[in-house]
Amino acid sequence: SSLVGLHTNAFIRLFKSKIGMPPHAYQLGKRIEKACMMLHFSPASIEHIAAATGFCDRYHFSRAFKKMRGMGPAEFRRMVEID
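Cut-offs and rules
- Along each chain, the written sequence defines residue order, and numbers are assigned to residues from 1.
- Local features are withheld for residues below a pLDDT of 70 in this predicted model, meaning they are given only at 70 or higher, and side-chain atom pairs are given and counted only at 80 or more; totals for whole chains, interfaces and linings count all residues.
- For the side-chain quantities, the full set of heavy atoms in the structure was used; hydrogens and water were omitted.
- To qualify as a helix, a DSSP run of H or I must reach at least 4 residues; to qualify as a strand, a run of E must reach at least 2; elements of each kind are numbered from the N terminus.
- Summary of the burial criterion: residues with accessible area below 20% of their type's maximum are buried, those above 50% are exposed, and those between are partly exposed, where the area comes from a 1.4 Å probe applied to protein chains only.
- Note on contacts: a residue pair qualifies if any of its non-hydrogen atoms lie within 4.5 Å across the two residues.
- Note on ring pairs: Phe, Tyr and Trp rings are taken, using the six-membered ring of Trp, and paired if centres are within 6.5 Å. Classes follow the plane angle, with under 30 degrees stacked, over 60 edge-to-face and the rest tilted.
- As a reminder, the over-ring test applies to NZ of lysine and CZ of arginine, requiring each to be within 6 Å of the ring centre and within 35 degrees of the ring normal.
- The definition of a polar contact used here is a pair of N or O atoms within 3.5 Å, where within protein one atom must be able to donate a hydrogen and the other to accept one, and adjacent residues in sequence count solely through side-chain atom pairs.
- Two cysteine sulfurs form what is called a disulfide whenever their separation falls within 2.5 Å.

**Student:** Explanation requested: the environment of Met21 in the structure shown.
**Tutor:** Relative to the assigned elements, Met21 resides in the loop between helix H1 (8–19) and helix H2 (23–41). The class of Met21 is partly exposed, set by a relative accessible area of 33%. Remark: the alpha-carbon pair of Met21 and Met71, spanning 50 residues in sequence, is separated by 22 Å. Beyond its immediate sequence surroundings of up to four residues, Met21 is in contact with Phe15, Lys16 and Tyr26.

In structure tokens form, the structure reads like this:
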């Protein structure tokens with residue numbers, strides 16, 4: 001935030017007003033989007049995808065994924081394989 005000349009809280013408020021969500025939620029959404037692409041198009045393990053998208057372990061990744069997508073990553077992968 002010092003790069004744009006704003007205090008952290010001011011930056012967060014501005015970001016949220018323009019994007020509709022705080023920076024952390026936006027970044028998490030982008031990481032989950034990347035994970036969805038990897039689950040759909042890559043044979044990589046869920047553990048590998050978790051690490052590649054910046055999660056500390058599969059458990060943390062699975063919880064975040066389920067919270068955002070309404071299903072776990074393994075279920076998502078099975079669902080897209082059927083389509």
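**Student:** Please explain the packing of aromatic side chains as it appears in this structure.
**Tutor:** Centre distance and the angle of the planes are the two values used to describe a pair of aromatic rings. All chains considered together, the criterion is met by five aromatic pairs. An angle of 70° between the planes, with centres 5.6 Å apart, marks the rings of Phe15 and Tyr26 as edge-to-face. Placement of the pair is Phe15 in helix H1 and Tyr26 in helix H2, with a sequence separation of eleven residues. When its relative accessible area of 18% is taken as the criterion, Phe15 is described as buried. The rings of Phe55, Phe61, Phe65 and Phe76 are connected pair by pair, giving a single aromatic cluster. We note Arg31 situated over the ring of Phe55; from NZ or CZ to the ring centre the distance is 4.1 Å.

**Student:** Would you mind going over the side chain of Thr53 with me for this structure?
**Tutor:** Of note, Thr53 is situated in the loop between helix H3 (46–52) and helix H4 (58–69). From its side chain, Thr53 meets the backbone oxygen of Ala50 in a polar contact 3.3 Å long. Discounting chain neighbours no more than four positions away, the residues touching Thr53 are Arg31, Lys34, Ala35, Met38 and Phe61.

**Student:** For this particular structure, what's the right way to read the state of the cysteines?
**Tutor:** Two cysteines form a disulfide when their sulfur atoms are joined by a covalent bond. Enumeration according to the criterion identifies zero disulfides in this entry. Cys56 forms no disulfide, and the closest cysteine sulfur to it belongs to Cys36, at a distance of 18 Å.

**Student:** Before we go on, may I ask you to explain the side chain of Arg77 in this structure?
**Tutor:** With respect to the helices, strands and loops of the structure, Arg77 is situated in helix H5 (residues 73–82). In this view, Arg77 contacts Met38, Leu39, Ser42, Pro43, Ala44, Ile46 and Ile49; residues no more than four positions away in its chain are not counted.

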